[in-house]
Amino acid sequence: MEFIDHELIIVGAGPAGLCAALYAGRSEMDVVMLEAGIPGGQLLLTELVDDYPGLEDVGGMELAQKMVDHAAKFGVEMTRGQVQKITRDDEGRFLAEVDDGTVYRAPAVVYTAGGTPKRLGVPGEEKFMGKGVTYCAICDGAFFKGEDIAVIGGGDSAAEEGEFLTRYGSSVTLIHRRGELRAQAVLQRRFLENPKSKTIFHTVVDEILGDEKGVTGLALRNVETGETSELSVTGVFIFIGFTPNVDVIGEHVGHDASGYIETDRDMRTSIPGLFVAGDVRSQLVRQITTAVGDATTAVFAAEKYLLDLKEQRDERETSSERAQEAQTA
Ligand code: NAP
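Conventions adopted
- Residues numbered from 1 in each chain as written.
- Predicted model: local features only at pLDDT ≥ 70, side-chain atom pairs only at ≥ 80, totals over all residues.
- Heavy atoms only, no water.
- Helix = DSSP H or I, 4+ residues; strand = E, 2+ residues; numbered from the N terminus.
- Contact = heavy atoms within 4.5 Å.
- Lys, Arg positive; Asp, Glu negative; His and termini not counted.
- Charge placed at Lys NZ, Arg CZ, Asp CG, Glu CD.
- Domains from an automatic or database assignment.
- Buried area = accessible area lost by both parts, 1.4 Å probe.
- Salt bridge = Lys/Arg side-chain N within 4 Å of Asp/Glu carboxyl O.
- Polar contact = N/O pair within 3.5 Å; in protein donor to acceptor, adjacent residues only side chain to side chain.
- Nonpolar A, V, L, I, M, F, W, Y, C, P; charged D, E, K, R; others polar.
- Near = heavy atom within 4 Å.
- Areas by Shrake-Rupley, 256 points an atom, 1.4 Å probe, with all protein chains shown as cover.

Undergrad: Help me understand the overall build of the protein in this model?
TA: Within the protein, the regular secondary structure consists of six helices and 21 strands. Dimensions of the protein, computed from the C-alpha atoms along their principal axes, are close to 90 × 40 × 35 Å. Contacts in the protein between residues far apart in sequence, at least 24 positions, make up 58% of those at least 6 positions apart. Here the protein carries 32 positive and 54 negative side-chain charges, and the mean point of each set is 2 Å from the other.

Undergrad: Would you mind showing me how to read the domain arrangement of the protein here?
TA: As a measure of interface size, the accessible area lost when the parts come together is often cited. Taken domain by domain, the protein consists of domain 1 (3-117 + 242-322) and domain 2 (133-238). Relative to domain 2, the C-alpha centre of domain 1 lies at a distance of 34 Å. Taken residue by residue, the interface counts seven residues in domain 1 and eleven residues in domain 2. When the buried surface of domain 1 facing domain 2 is broken down by residue, Leu45, Glu47 and Asp50 rank first, second and third, together holding 59% of it. At the junction of domain 1 with domain 2, the criterion picks out one salt bridge. A salt bridge links arginine 190 to aspartate 50; its shortest N-O distance comes to 2.7 Å. Across the contact surface, domain 1 and domain 2 share one residue pair in polar contact (both at pLDDT 80 or more). Here the side of domain 1 that touches domain 2 is composed, by residue class, of three nonpolar, two polar and two charged.

Undergrad: In this structure, what is going on with the site of the ligand? I would like to understand it.
TA: As a structural note, the neighbourhood of the ligand is formed by 20 residues, with Asp156, Ser157, Arg178, Arg182 and Gln287 the closest of them. The contact in question runs from an oxygen atom of the ligand to an N or O atom on the side chain of glutamine 184, over 2.8 Å. Glutamine 287 has a polar side-chain atom sitting 2.7 Å from an oxygen atom of the ligand. Considered on its own, the ligand offers 920 Å² of accessible surface; in the complex 78% of this is hidden by protein. Per-element accounting of the shell around the ligand gives the leading share, three residues, to helix 4 (residues 156-165). Residues that form the shell around the ligand fall into these classes: five nonpolar, eight polar and seven charged.

Right, here's the structure in full:
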């Protein structure tokens, strides 16, 4: 087994990982940033970012590229590698094994692996995935030009991506299981004020219907009355939240009821040396701004942790040298 040693491993290259890379590079740490896909994380799925201070309106991909360039300016570039598991050796060092078998080894990890879109879990979802069922408006919205689209969910993603989809669809119907959206007021307003938007509340999807060409509609059920109905759509965009990517962590780490990793104020987890930032972390909101803020804290905390480790090691070495000297004297 080949080991590649570093001071710090950053897992993930979304906004949190890229910001962690920037600060680790700037602090001249010996760091590797591992990412399975293209750097940018959820930014790559976001058309327009309008809430990043100083950049009033910036494309998600453009902001991702700026972050990549900024990290590279401080000497950190992404290393391609899908982390399969993270374990620890007898000395407490982390071993991050990637898909080609390489094992990256370091005494500290900043884990920013984000999450994956949740599945609705209804009949037709798997069958029509890529044939009308999708989880990414930016990637797939343009395929539904002039067609009727459904958006499932009531959070920020559903409202924001729903509004984005109105530029393509002839109608965008948001279907939500409750009577009110949980999305931020500004995102709700933008969606609801759009003439192409419609809403169906208190309603769940029982089945995604289709034929050999793809999706043709949805079987719906009102959760209050039990009344069933069908909605004719060809595109179904599902935005019902994320599942945090925590499965690769090979030992128990403190998490909340939804599986997001809990940290203290310095982004320390229940595993010494493991720091967490971004969407995978248990927190009130998941914004680009919170991801980069927490990643900044995580890197400084990791740096301090490494310094403490070094001091402890030096102290141990000094006292064992003294003990040896005393024995020989
Ligand atoms: P979210 O906030 O967790 O909302 C998920 C929505 O889907 C909720 O309305 C939920 O209903 C509904 N839902 C969950 N499971 C469902 C199911 N099985 N069937 C039907 N509906 C279901 O997820 P999100 O909107 O993807 O946002 C994730 C995070 O990213 C949030 O922290 C959000 O603030 C952030 N975000 C921010 C922005 C922005 O600021 N521009 C944009 C996108 C995302 P209930 O309401 O009944 O629970």
